[in-house]
Amino acid sequence: MVKIFIGNLACNTTPEELRELFEKYGKVAECDIVKNYGFVHMNNISEAEVAIQNLHQHQLHGWRMNVEMSKGR
């Protein structure tokens, strides 16, 4: 399981929108949003890396997302 951090989300972003974006790159196990950031859990490290490469600085609702591997627990 790979945890991806998504920062700088527009306040009207939904978990469904985030899941839809990330599912283009692989299987999404879980997707959560807390205030203006979120986390996506993917099953495969290589799919997660491709998602990060493609979605970092991607514009959603006029905001550029910051997408990176989660450095937390």
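Located above this text is the structure these notes cover.
Residue numbers run consecutively from 1 along every chain, following the written order of its sequence. With pLDDT at 70 or above as the cut-off, local features in this predicted model cover only qualifying residues; side-chain atom pairs require 80 or more to be listed or tallied, and sums for whole chains, interfaces and linings still use all residues. To get the side-chain values, all heavy atoms of the structure are used, and hydrogens and water are removed first.

> Run through the nonpolar core, naming residues and quoting values.
Joining through side-chain atoms within 4.5 Å is the link that ties buried Ala, Val, Leu, Ile, Met, Phe, Trp, Tyr and Cys residues into a set, and such a set is a nonpolar core. We call a residue buried when its accessible area falls under 20% of the maximum for its residue type, exposed when it is over 50%, and partly exposed in between, using a 1.4 Å probe and counting protein chains only. The biggest cluster of nonpolar side chains holds 18 residues, and the ones touching the most others in it are Ile-6, Phe-22 and Met-65. Secondary structure counts use DSSP, requiring at least four H or I residues in a row for a helix and at least two E residues in a row for a strand, with both numbered from the N terminus. For this core, the element with the highest residue contribution is helix H2 (residues 45–55), accounting for four residues. Setting aside anything within four residues of it in sequence, one finds Met-65 in contact with Ile-6, Gly-7, Asn-8, Leu-9, Leu-18, Leu-21, Leu-55, His-56, Gln-57, His-58 and Leu-60. The contact criterion used throughout is that any non-hydrogen atoms of two residues lie within 4.5 Å.

> Any chance you could break down H2 for me, citing the residues and the numbers?
Looking only at H2, the buried set comprises Ala-48, Ala-51, Ile-52 and Leu-55. Around the axis of H2, the buried residues are gathered within 100° of arc, so they sit on the same side. Two residues or fewer after H2 comes Gln-57, characterised by a positive phi angle close to 70°. By arc we mean the arc of the directions from the helix axis to the C-beta atoms, nothing more.

> Any details on the sheet that holds strand S1 (residues 2–7)? Residues and values, ideally.
A pair of strands counts as paired when DSSP detects no fewer than two bridges linking them. Read from one edge to the other, the open sheet built from four strands follows the order S2-S3-S1-S6, with strand pairing classed as antiparallel. Where the open sheet ends on each side, the last strands, each with one partner, are strand S2 (28–34) and strand S6 (66–69). Direction aside, the axes of adjacent strands within the sheet are offset by 20° on average. Bridging between S1 and strand S3 (residues 37–42) involves five bridges; their strand directions are antiparallel. Pairing of Lys-3 across the sheet is with His-41, part of S3. Between N-to-C directions, angles cover 0 to 180 degrees, with each direction set by a line fitted to C-alpha atoms, over the stretch in contact for helices. Contacts between helix H1 (residues 15–23) and the sheet are confined to S1, S2, S3 and S6, with S2 contributing the most and set at about 140° to the helix. Here H2 sits on the sheet in contact with S1, S3 and S6, set at roughly 155° to S6.

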